[in-house]
Amino acid sequence: KASRYYNLGRRMASQELYERALGNLDMAAAADSGFSSPHNLKGQIQLTLGDWQAAEAEFAKAVELDPALTAAWAGWGRSLLRQDRGAEAATKLTKAMELDPTYTPALVDLAACRAAEGRVEEAWKLYEAARELNPRDPELLFGLGRFLRESGKTGEAVTAYRTAIEQLVTLPILNTTNEE
């Protein structure tokens, strides 16, 4: 029963029907109190909706239920980062990186934390590691662009932003050309 509600919630979330998705995820969590995935997905949806505190609570619950869930640690870190709680965010993101050093969202957010702390060299290394893993990730490229702009490297920042926009425009879901 919990899996059925969770999968329905996932489908609704993919269609951007967030309120309905959250309702189904609540039912999935109620049906199986030890199931971490509904809390993780609820956290992701709350991030999308901009409710950082609700996202934080959901990710904390997901991690409590499954401490090995990299995405939940990274999401928790992101929710804290959005609340300008950089030191706490860095701790959660570091844990995500310990679990999976190739998880690009955690690399990008940890790089942002390090840049905000003034640890520019470490931030650069994290951005470079993320770019090696996923060079076409628009979110990474926007973060890198922001970092480069703040470092005074405007030309390189423009290139990163341009590449990010090009990646967004060429995503298959956005391709509306009719090929015959």
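The following refers to the structure shown. Counting restarts for each chain, with residues numbered from 1 along the sequence as it is written. For this predicted model, a pLDDT threshold of at least 70 governs which residues receive local features, and a threshold of 80 or more governs which side-chain atom pairs are given and counted, while totals over whole chains, interfaces and linings are taken from all residues. Calculation of side-chain values draws on the structure's entire complement of heavy atoms; hydrogens and water are dropped beforehand.

**Describing the overall build of the protein chain**
What counts, and what does not: The way it works is that DSSP assigns letters per residue, a run of H or I at least four long becomes a helix, a run of E at least two long becomes a strand, and they are numbered from the N terminus. C-alpha atoms define the radius of gyration, and 2.2 Å times the number of residues to the power 0.38 defines the globule rule. Per-residue accessibility, obtained with a 1.4 Å probe over protein chains only, is compared with the maximum for each type, and a residue is labelled buried under 20%, exposed over 50%, and partly exposed between these values.
Helix and strand counts for the protein chain come out as 10 helices and zero strands. Traced from its N-terminal end to its C-terminal end, the protein chain shows the element sequence α-α-α-α-α-α-α-α-α-α. The C-alpha atoms of the protein chain give 18 Å as radius of gyration, which agrees with the globular expectation for 180 residues (16 Å, within 12%). Overall size of the protein chain, expressed as C-alpha extent along the three principal axes, is 55 × 50 × 25 Å. Per-residue burial for the protein chain yields a buried fraction of 42% across its 180 residues.

**With respect to the environment of Cys-113**
Note the following rule: Residue contacts are defined here by distance: any two heavy atoms, one from each residue, within 4.5 Å place the two residues in contact.
Along the chain, Cys-113 turns up in helix 7 (residues 104-116). When the C-alpha atoms of Cys-113 and Thr-91 are compared, they prove to be 9.9 Å apart, with 22 residues separating the residues in sequence. Every residue in contact with Cys-113, bar those within four places of it in the chain, is listed here: Leu-81, Gly-86, Ala-89, Ala-90 and Leu-93.

**Section: the environment of Lys-95**
Topologically, Lys-95 is positioned in helix 6 (residues 86-99). Judged by relative accessible area, which is 29%, Lys-95 ranks as partly exposed. Distance from Lys-95 to Thr-159, taken between C-alpha atoms, is 31 Å for residues 64 residues apart in sequence.

**A closer look at the packing of aromatic side chains**
Here is the rule: Stacked, tilted and edge-to-face pairs are distinguished by plane angle, under 30 degrees for stacked and over 60 for edge-to-face with tilted covering the rest, among Phe, Tyr and Trp rings (Trp via its six-membered ring) whose centres lie within 6.5 Å.
Enumeration over the complete set of coordinates arrives at five aromatic pairs. Through a chain of ring-to-ring contacts, the aromatic side chains of Trp-124, Tyr-127 and Phe-147 assemble into a single cluster.

**Things to note about unusual backbone geometry**
Backbone geometry at Glu-16 places phi at a positive 60°, although glycine is not the residue there. With respect to the helices, strands and loops of the structure, Glu-16 is situated in the loop between helix 1 (2-14) and helix 2 (18-31). In this structure, Asp-84 takes a positive phi of about 60° despite not being glycine. With respect to the helices, strands and loops of the structure, Asp-84 is situated in the loop between helix 5 (70-82) and helix 6.

**Notes on the pattern of salt bridges**
We apply this condition: In what follows, salt bridge is the name for a side-chain nitrogen of Lys or Arg lying within 4 Å of a carboxyl oxygen of Asp or Glu.
Applying the stated criterion across every chain yields a total of 12 salt bridges. With a shortest N-O distance of 2.6 Å, Arg-78 and Asp-109 are connected by a salt bridge. Highlighted residues: Arg-78 in helix 5 and Asp-109 in helix 7, separated in sequence by 31 residues. Neither residue differs from the other here; Arg-78 and Asp-109 are each classed as buried. The salt bridge involving Glu-88 is made with Arg-85; its shortest N-O contact spans 2.9 Å. Taken together, the salt bridges that share partners define one network made up of Arg-114, Glu-117, Arg-119 and Glu-122.

**A short note on the nonpolar core**
Soluble globular proteins tend to pack their nonpolar side chains together in the buried interior. So the rule is basically this: By convention a nonpolar core is built from buried Ala, Val, Leu, Ile, Met, Phe, Trp, Tyr and Cys residues, the set being connected through side-chain atoms within 4.5 Å.
The biggest cluster of nonpolar side chains holds 33 residues, and the ones touching the most others in it are Leu-93, Leu-110, Cys-113 and Tyr-127. For this core, the secondary-structure elements that each account for two or more residues are helix 4 (52-65), helix 5, helix 6, helix 7, helix 8 (120-133), helix 9 (138-150) and helix 10 (154-169). Sequence-distant contacts of Leu-110, defined by excluding residues within four places in its chain, comprise Ala-90, Leu-93, Thr-94, Met-97 and Leu-126. In this structure, Ala-2, Leu-22, Leu-25 and Ile-45 belong to the second largest nonpolar core, which totals 12 residues.

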